[in-house]
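Structure at a glance
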Amino acid sequence: MKRTERKLRRPPTQSTPRVALLVETSNAYGRDILAGIVDYIRVHGPWNVYLAETGRGEEAPRWLERWGGDGIIARIENERIAGFLEKTKLPVVDVSFAHLLPAAPTFTTDNPAIARMAVQHFLERGFEHFAYCGRDEFVWSLDRGEAFARAVRERGFQCHMYSQGNRADDGLDSQVDAISGWLAELPQPLALLACYDLRGQQVLDAARQANLAVPEQVAVLSVDNDELLCALSPPPLSSVILNGKRTGWLAAEALTRLLAGEEVPGCVLPVPPLGIATRQSTDTLAVADPQLARALRFIREHACDGIGVADIIHHAPMARRSLENRMRNTIGRSPNGEILRVKLARARQLLAGTELSLAEVASRCGFRYSEYFSVVFKRETGVTAGEYRRANGIPN
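The present account deals with the structure reproduced in this document. Predicted model only: the values in this text are computed from it and were never measured.

This brings us to the sheet that holds strand β12 (residues 275-277). The sheet built from six strands is open, its strands ordered β7-β6-β8-β9-β10-β12 with mixed pairing. In the strand order of this sheet, the two ends are held by β7 (159-161) and β12, each with one partner. Neighbour-to-neighbour, the strand axes of this sheet turn through a mean angle of 25°, independent of strand direction. In terms of strand pairing, strand β6 (residues 129-133) meets β7 through three bridges, oriented parallel. By the bridge assignment for β7, F130 is matched with C159.

What follows deals with the side chain of K343. Mapped onto the elements of the fold, K343 is located in helix α12 (residues 335-353). The side chain of K343 is buried and forms no salt bridge, while D305, the nearest opposite charge, is found at 10 Å.

Let us now look at the nonpolar core. Membership of the largest hydrophobic core comes to 50 residues, with the highest contact counts inside it found for I37, W47, I73 and F148. Breaking this core down by element, the ones donating at least two residues are β1 (18-22), α1 (28-44), α3 (111-123), β6, α4 (139-154), β8 (190-194), β9 (218-223) and α8 (244-259). Leaving out residues up to four positions away in the same chain, I73 has contacts with A20, L21, L22, V23, I37, W47, V93, V95, A251, A252 and L255. Core analysis: the next-biggest nonpolar cluster, separate from the first, contains 22 residues, L192, L204, A207 and V218 among them.

Mapped onto the fold, A103 is located in the loop between β4 (92-94) and β5 (106-109). Exposure remark for A103: the relative accessible area of 43% places this residue in the partly exposed category. Residues A103 and V23 lie 80 residues apart in sequence; the distance between their C-alpha atoms is 19 Å.

Here we take up unusual backbone geometry. The linkage connecting G45 with the following residue, P46, adopts the cis geometry, with an omega of 10°. Of note, the amide linkage connecting P234 to P235 takes the cis form, showing an omega dihedral of -5°. With respect to the helices and strands, the residue P235 is situated in the loop between α7 (227-232) and β10 (238-241). Despite not being glycine, D224 has its phi angle at roughly 125°, a positive value. In the Ramachandran plot, N225 falls in the positive-phi region, its phi being about 55° despite a non-glycine side chain.

Cut-off values and rules
Residues numbered from 1 in each chain as written. Predicted model: local features only at pLDDT ≥ 70, side-chain atom pairs only at ≥ 80, totals over all residues. Heavy atoms only, no water. Pairing = 2+ DSSP bridges. Helix = DSSP H or I, 4+ residues; strand = E, 2+ residues; numbered from the N terminus. Axes fitted to C-alpha atoms, helices over the stretch in contact; angles between N-to-C directions. Buried < 20%, exposed > 50% of the residue type's maximum accessible area, 1.4 Å probe, protein only. Lys, Arg positive; Asp, Glu negative; His and termini not counted. Salt bridge = Lys/Arg side-chain N within 4 Å of Asp/Glu carboxyl O. Core = buried A, V, L, I, M, F, W, Y, C linked by side-chain atoms within 4.5 Å. Contact = heavy atoms within 4.5 Å.

Encoded structure:
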């Protein structure tokens, strides 16, 4: 569709703007975006909000043609919706990856950051074989897969990519059958990233069908962290935690500026993920050394409890020098370095996802003194804890 410069209607003169939200409520990420918008309205509102009952990729509701509102926040998933919204001449903010309305400011997921986080998650568990199972009909899935494969190659490994071919419209059973046959041909133990939680569920079904043990033979990680879906999966599904609330807040902030008559460039701002919710589907270590695997699991589970190297050796008996050498040769870090990495990963989750005080974050992550936590966080991340929190939309 040919794009021309959009001439928007004049900003509203009434005190309470009327805003339409075309964001589906059928998945956790969409609901989190809406929650972020609600948070913004509570601080900076009020708005008169019109929430359309839509599923992902559906047509824009026809009532928008007659609606006399002021602005729209939408997930613009196809050209039809993009064209419809362009004709309204209203200020629009996009929260979809496709960026089909170039003049609209767009806030979306940071696929390279998701990919790096997923690869690190698997490398920490000792995997050397990787795969990605996406949905070819979704641009965001293709981009996510390319980012994952690139991150895997950068670490010196190969990534196997699932291609569904002409099976996009096949029924669930046919899709699971195809994935099952593909999995059976791949090397094991295998670390697999699914494009989102529903695909992750299909991969788990396919692994069972192929008689592959999860997570021992196939470790499965997905994206979205829909807690209900992940908990219902057998076994419970590990998933990347997206920052949908931050996306919603930024979108509402950008629309406010547009409604005030400001110029907001139609650029794409990727919002990085918060972390990974580790559940049974990746709760394993692809490490041939059972004692080392035991030590690494103990660190993962107890790093924030104030443990030291002596505690690790007590749990997984071996000489201290042997532990040091085996860990450095396997994951490239010392025991203390791994403890610190796990503690800081937890700190980033709490800083970006909660409003806990810095002192409380430090305590929950195993730091006795908040001042020391602040020094270590700045040294390891390059930013202060307060700066990291503000960058993720959480006030200090």
